[in-house]
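Report on the structure
Given next are the chains, with one letter for each unit.
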Amino acid sequence: MDLRTRYLGFELEHPLVVGASPLADDLDLVRRLEDAGAAAIVLRSRFEEQLSPRRLAASQQLLEDDGSFSDALSYLPHADEFAVSRDEYLEQLLRIKRAVRVPVVASLNGTTLGGWLAHARMLEQAGADALELNLYQLVTDPAADSRAVEEREVEMVSAVCDAVLVPVAVKLSPYYTSLVHFASRLEGAGAGGLVLFNRFYQSDIELESLEVRPRLHLSSPRELLLRLRWIAILRGPLRCSLAATGGVHAAEDVVKAVLCGADAVQIVSVLLRHGPERLASLRSELGEWLERHECDALGDLAGALSLERCPDPAAFERAQYLWTLQSGRGGAHGEGGS
Ligand SMILES: Cc1cc2nc3c(=O)[nH]c(=O)nc-3n(C[C@H](O)[C@H](O)[C@H](O)COP(=O)(O)O)c2cc1C
């Protein structure tokens, strides 16, 4: 069965990519993921806050130690100016690149234009085949104007895309008033792909201690529906790659994402819950699904139910569909919004 797809310019055997997470922290796990057939692997994010000048200098030192990169590093102050500690992220990236053959994507998380962006270039120099820039920001300042926030994000994407030659994907949250417009601007700024969507880890209230505690829950398949809608909507206007992340737990979820227009899916929760080997069974189940439906190639389904090609576009376009709400089906499926 032909499951091939193209994501960020890479020819992948199938669309199952390991999403950014601690799964790539451990080299044995990374090897198991590759053995299970992972099409590509995304490392956990490196946060802007973790990249002080001192850290950047440490990163520079590491690449110098590793050999062949020195000519690319002249834009940074020399490491001697700072006390240097080892840069574990770059070290792990170098180790993974030596261990596996599949594309390895490094992830950066930041919200401002600043010196830390130089790290994008170092990740490339260390062998990252692509970068994923995570625009994960929770704006709480009442004076922050949404246009200015978006402008800064576009500038940042543009700065990263200008700094590196490898493809850059942008991982987004769904909370934009005009997502199609914003996504088109990101594409115009050089993004080779969009990853939809970030999951926000919610804060809960601990009633006994009256403390606010961050909660990290693994996803449920219901979360996929939001991704399906927006991938279907974005597929028509955008040429760049699209990856679904959030709620892909079964082969059927992959088929749905591809039908809406996804080029790849990024999975994390299902692998944390069942182990890296689940990736291999998902891949076989995907092939079996196609066989049962007499479809020779996954590519034949690509975007067949995107907004542009869907026989009933209103089903995607209307957030509150009268018939769905009145029949109670929205509530029954847990997606009825207000
Ligand atoms: C434990 C854990 C750590 C994660 N760390 C990151 C991260 O560093 N950067 C990032 O962009 N996403 C991170 N994610 C989000 C995942 O990459 C993924 O987008 C999300 O979990 C949705 O996919 P899933 O439904 O398959 O879990 C993390 C998720 C989990 C569960």
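In what follows, the structure referred to is the one given above.
Residues numbered from 1 in each chain as written. Predicted model: local features only at pLDDT ≥ 70, side-chain atom pairs only at ≥ 80, totals over all residues. Heavy atoms only, no water.

**Quick look at helix H5 (residues 146–163)**
- Given a rise of 1.5 Å per residue, 18 residues ought to cover 26 Å, and the 26 Å separating the end C-alpha atoms of H5 matches this to within 8%.
- Of all the positions in H5, only Val 149, Glu 150, Glu 153, Val 154, Met 156, Val 157, Val 160 and Cys 161 are classed as buried. Looking straight down H5, one finds its buried side chains confined to an arc of 160°; they lie on one side. Looking at H5, the residues exposed on the side facing more than 90 degrees away from the buried face are Arg 147 and Asp 162. (Helix = DSSP H or I, 4+ residues; strand = E, 2+ residues; numbered from the N terminus. Expected span 1.5 Å × (residues − 1). Buried < 20%, exposed > 50% of the residue type's maximum accessible area, 1.4 Å probe, protein only. Arc of directions from axis to C-beta.)

**With respect to the side chain of Glu 132**
- Mapped onto the elements, Glu 132 comes out in strand E6 (residues 130–134).
- There is a polar contact of 2.9 Å between the side chain of Glu 132 and the side chain of Gln 266.
- Those residues in contact with Glu 132 that sit more than four places away from it in its chain are Ala 20, Val 42, Val 105, Ala 106, Ser 107, Leu 108, Ala 169, Lys 171, Val 195 and Gln 266. (Polar contact = N/O pair within 3.5 Å; in protein donor to acceptor, adjacent residues only side chain to side chain. Contact = heavy atoms within 4.5 Å.)

**Quick look at the site of the ligand**
- With respect to spatial proximity, 21 residues lie near the ligand, and among them Ala 20, Ser 45, Asn 134, Ser 219 and Ser 269 are the closest.
- Between the ligand and Lys 171 there is a distance of 2.9 Å, counted from an oxygen atom to a side-chain nitrogen or oxygen.
- Val 268 places a polar main-chain atom, nitrogen or oxygen, 2.8 Å from an oxygen atom of the ligand.
- Taking 610 Å² as the accessible area of the ligand by itself, protein coverage stands at 91%.
- At a threshold of 2 Å from the grid points, most atoms of the ligand map onto the second largest pocket. (Near = heavy atom within 4 Å. Areas by Shrake-Rupley, 256 points an atom, 1.4 Å probe, with all protein chains shown as cover. 1 Å grid on protein atoms, 1.4 Å probe; cavity = no way out; pocket = protein on both sides within 12 Å on 5 of 7 lines; lining within 4 Å. Sits in = over half its atoms within 2 Å of the grid points.)

**Quick word on the environment of Ala 250**
- Residue position: Ala 250 is located in the loop between strand E11 (241–245) and helix H8 (251–260).
- A sequence separation of 29 residues divides Ala 250 from Leu 279, and the C-alpha atoms of the two residues are 9.8 Å apart.

**A few points about the layout of surface pockets**
- Considered as a void within the structure, the second largest pocket measures approximately 690 Å³ in volume.
- Around the second largest pocket sit 30 residues that line it, and Ala 20, Ser 21, Lys 171, Tyr 201 and Leu 216 are the ones nearest its centre.
- Contributing elements (two or more residues each) for the lining of the second largest pocket: strand E3 (16–21), strand E4 (40–47), strand E12 (264–267) and helix H9 (269–274).
- Of the residues belonging to the lining of the second largest pocket, the class tally is 13 nonpolar, 14 polar and 3 charged. (Points joined across faces, edges and corners; volume = space filled by probe spheres on them. Nonpolar A, V, L, I, M, F, W, Y, C, P; charged D, E, K, R; others polar.)

**Some points on the pairing of E11**
- Most of E11 sits inside the fold, with 5 of its 5 residues counted as buried.
- Because side chains alternate across E11, one face comprises the buried residues Ser 241, Ala 243 and Thr 245, and the other comprises Leu 242 and Ala 244, equally buried.
- Relative to E11, strand E8 (residues 193–196) runs parallel, the two sharing 4 bridges. By the bridge assignment for E11, Leu 194 is matched with Leu 242.
- Here 3 bridges tie E11 to E12, and the two strands are oriented parallel to one another. (Pairing = 2+ DSSP bridges.)

Purely geometric stuff here, so don't read any function into it on its own.
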